[in-house]
Amino acid sequence: MSSEKPAPSGQEDRMEKIVALAKRRGFIYPSSEIYGGINGFWDYGPLGVELKRNIKDAWWQDLVRCPPVGPDGEPIRMVGLDSAIIMNPKVWEASGHVGGFADPMQTCRQCKKLFRADQVWEMLRESAWVQSLVEVFTLAKWDDLLLFNSEKLFRWVDKKGKKLAPGLAVVRNPSVTLSWMSENLQNNPEMQLNIIDFLRYLATEQKAQTGLQTPCPNCGGDLTEPRQFNLMFESHAGALRDEASKVYLRPETAQGIFANYKNVLDTTRLKIPFGIAQIGKAFRNEINPRNFTFRSREFEQMEIEFFCHPSEADKWYEFWRDTRFKWYVDQGLKSSKLRLRNHEKDELAHYARACADIEYEFPFGVSELEGVANRTDFDLKAHQGKSGRDMTYFDDETKEPRYIPYVIEPSGGVDRATLAFLCEAYDEDTAPDENGKPQSRVVLRFHPRLAPVKVAVFPLVKKDGMPEKARAIYDALKPHMTTFYDEKGAVGRRYRRQDEAGTPFCVTVDGQTMADGTVTIRDRDTMKQDRIPSDGVLAYVRDRLK
Ligand code: GAP
């Protein structure tokens, strides 16, 4: 897992606009919003569900139904799977999730909020009370040194501090905190501090007793020492709620594949190398869900476990890493916003021999979209040990001694991909209104393959047989692609509504249609209109969906 790197400034505004558009146009809603929502859970509306489905369909089509050619020039063997969300808990004992799938967590002693220890400083940087201090001490950059000034600090404590950081030691008890700070200052009136030290001093009441404290991003209160917190959601299967009935909601789809590896091998005629692919829900009780859907508690994964001979694992790892990167580019993510980050040796999980993150530059920062890892034979060996089932492979053609295959795992998040495509597609430009006057417009420039609606059909006016003709075109297109019919309002406004939904083509039936059977078809991005025979619309759009 990669760390989330902060956004370049000025991008927060863009993210807010994307979140607002997603809600307004029915892409993504906060889950159970009528009850105030629930942190870390999201619902996909009518446009969002189409977008997400198109992403999953594109992945399935390109990797399972029509997989690429491998590095040896042979088509890749890939099959699909749909395993249960709840599995025997022994699966999670063998995989190491019961023992080790944990994040370090810190609790605020004042406001009781929980934070992931490795994200506290990043969150502090973004927190309102720290930003107001940065302003008071006119820090241009986070790592600039700060010239301490007790008057400025007192004024801040009295006004903004009380409001924004009521838990901060210097706000709760200014005389105590400041007294030892001023002792330091008497010896060194020109004291310069870096902001991290400064914030830690402000969060500490009795340095001699506690050492320097880490402040809470929410209220400034002091945080407890980090404790390990297991991220798996628990439930119970059956009527009794005891230890024996405890089960887990899967935190990844991968283990369903490992648990079925033998079944697939025994029930197909697959030979190594081959892959098993699965798309499905995963659940993690994230301590701090954040950045819209990026870090959620319920999300979907698209994972492949690709089984190969250990001696070929390096070759397959490089193949999958590069193939998966290119896939995102082909679906419309600009390669300048995509990064491939190879993990350093000391970053690798203990079972992994190599790992790379495919990262995207979201408006809130550069973050992981997908990880590609060489997991060696770790998982199959672990399941062999725990279950007693033989996971070795024997090739009856080569008669090579039995071995446990190595696994290359490209593991992506559907929700993160959806968010990346939404962020990439969002654009603002100008378009002429019905009177030809330039007006600003919001447009989602999705790759036509992913666009939730492929084509919208309009009658220019609601008379002269145009609605009937437009309906007939709509009915003919509907069985082949997601199509939308609209006859309400000025046609310019209808175009703009479709631009905002990301619809790549709009077909308009006008006076000329009634005379010669042709329609106009407008391109969302260039706004240019072609005139084509109405029975040529399907071929025209299909050609451009590839
Ligand atoms: N089987 C390996 C595995 O699960 P991971 O890096 O923990 O690896 C894989 O997760 C992908 O799942 C991530 O790259 C990301 O796209 C997605 N993902 C993980 N946690 C997520 C979360 N809390 N919310 C949304 N997507 C998440």
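The structure under discussion appears in the preceding block.
Okay, so let's go over this structure.

**Re the site of the ligand**
- Around the ligand there are 21 residues in total, and E252, R284, S296, E303 and E368 lie nearest to it.
- F294 places a polar main-chain atom, nitrogen or oxygen, 3.2 Å from a nitrogen atom of the ligand.
- For the ligand, a nitrogen atom lies 2.9 Å from a polar atom in the side chain of E409.
- Burial of the ligand by the protein chains amounts to 93% of its free accessible area of 550 Å².
- Looking at the shell around the ligand, the elements with two or more residues in it are β13 (298–308), β16 (365–376) and β17 (406–413).
- For the shell around the ligand, the element with the highest residue contribution is β16, accounting for 5 residues.

**A closer look at the pattern of salt bridges**
- In total, this model carries 49 salt bridges according to the counting rule given.
- In this structure, the salt-bridge partner of E409 is R375, at a minimum N-O distance of 3.2 Å. Linking E409 in strand β17 with R375 in strand β16, this pair joins segments that are 34 residues apart in sequence. Residue E409 shares its accessibility class with R375, and that shared class is buried.
- Each of D427, D429, R441, R445, D499, R522, R524 and D525 takes part in salt bridges that share partners, so that together they form one network.

**So, the sheet that holds strand β23 (residues 518–523)**
- Within the open sheet, the 5 strands sit side by side as β21-β20-β22-β23-β24. Their pairing is mixed. In the strand order of this sheet, the two ends are held by β21 (483–485) and β24 (529–533), each with one partner. The mean inter-strand angle of the sheet, taken between neighbouring strand axes irrespective of direction, is 25 degrees.
- Bridge count between strand β20 (residues 455–459) and β21: 3 bridges; the pairing is parallel. Across the sheet, V457 pairs through a bridge with Y485, a residue of β21.

**Focus on the packing of aromatic side chains**
- The tally for this structure, following the rule as stated, stands at 22 aromatic pairs.
- Between the aromatic rings of Y261 and F274, the centroid separation amounts to 6.4 Å while the plane-to-plane angle is 5 degrees, which identifies the pairing as stacked. Note that Y261 is positioned in helix α12 (residues 254–267) and F274 in strand β12 (residues 274–283), a separation of 13 residues in sequence.
- For Y261, a relative accessible area of 0% translates into the label buried.
- Using a relative accessible area of 0% as the deciding quantity, one classes F274 as buried.
- When the ring of F458 is compared with that of Y495, the centres are 5.6 Å apart and the planes differ by 55 degrees; the resulting orientation is tilted. One end of the pair, F458, is in strand β20; the other, Y495, is in helix α17 (residues 491–501), with 37 residues separating them in the sequence.
- Its guanidinium or amino end placed over the ring of F294, R416 lies 3.7 Å from that ring's centre, counting from NZ or CZ.
- The cationic tip of R522 hangs over the ring face of Y495; the distance from NZ or CZ to the ring centre is 4.4 Å.

**Topic: the environment of P251**
- As for its position among the elements, P251 is in the loop between β11 (246–248) and α12.
- Linking P251 and R284, residues 33 residues apart in sequence, is a C-alpha distance of 5.5 Å.
- Those residues in contact with P251, other than ones at most four positions away along the chain, are W92, H97, F101, M232, A282, F283, R284, F299 and Q301.

**A closer look at the nonpolar core**
- In terms of nonpolar packing, the biggest core is built from 60 residues, with F27, F306, W320, Y328, F362, I408 and L422 touching the most fellow members.
- Not counting residues within four places of it along the chain, the set of residues in contact with W320 comprises L63, I76, M78, I304, F306, V372, I408 and P410.
- Counting residues in each nonpolar core, the second largest holds 34 residues, with W142, W156, L202 and C219 among its members.

**Comments concerning the environment of K113**
- Tracing the chain through its elements places K113 in the loop between β5 (102–107) and β6 (114–116).
- Since its relative accessible area comes to 41%, K113 is described here as partly exposed.
- The sequence separation of K113 and L422 amounts to 309 residues, and the corresponding C-alpha distance is 31 Å.

**Remarks on unusual backbone geometry**
- With an omega of 10 degrees, the peptide bond running from I272 to P273 counts as cis.
- On the secondary structure map, P273 appears in the loop between α12 and β12.
- Phi is positive for S32, close to 45 degrees, though the residue is something other than glycine.
- Along the chain, S32 turns up in the loop between β2 (28–30) and β3 (42–44).
- The backbone of F292 shows a phi angle near 60 degrees, a positive value even though the residue is not glycine.
- Mapped onto the elements, F292 comes out in the loop between β12 and β13.

Criteria and thresholds
- Residues numbered from 1 in each chain as written.
- Predicted model: local features only at pLDDT ≥ 70, side-chain atom pairs only at ≥ 80, totals over all residues.
- Heavy atoms only, no water.
- Near = heavy atom within 4 Å.
- Polar contact = N/O pair within 3.5 Å; in protein donor to acceptor, adjacent residues only side chain to side chain.
- Areas by Shrake-Rupley, 256 points an atom, 1.4 Å probe, with all protein chains shown as cover.
- Helix = DSSP H or I, 4+ residues; strand = E, 2+ residues; numbered from the N terminus.
- Salt bridge = Lys/Arg side-chain N within 4 Å of Asp/Glu carboxyl O.
- Buried < 20%, exposed > 50% of the residue type's maximum accessible area, 1.4 Å probe, protein only.
- Pairing = 2+ DSSP bridges.
- Axes fitted to C-alpha atoms, helices over the stretch in contact; angles between N-to-C directions.
- Phe/Tyr/Trp six-rings, centres within 6.5 Å; stacked < 30°, edge-to-face > 60°.
- Lys NZ or Arg CZ within 6 Å of the ring centre and 35° of its normal.
- Contact = heavy atoms within 4.5 Å.
- Core = buried A, V, L, I, M, F, W, Y, C linked by side-chain atoms within 4.5 Å.

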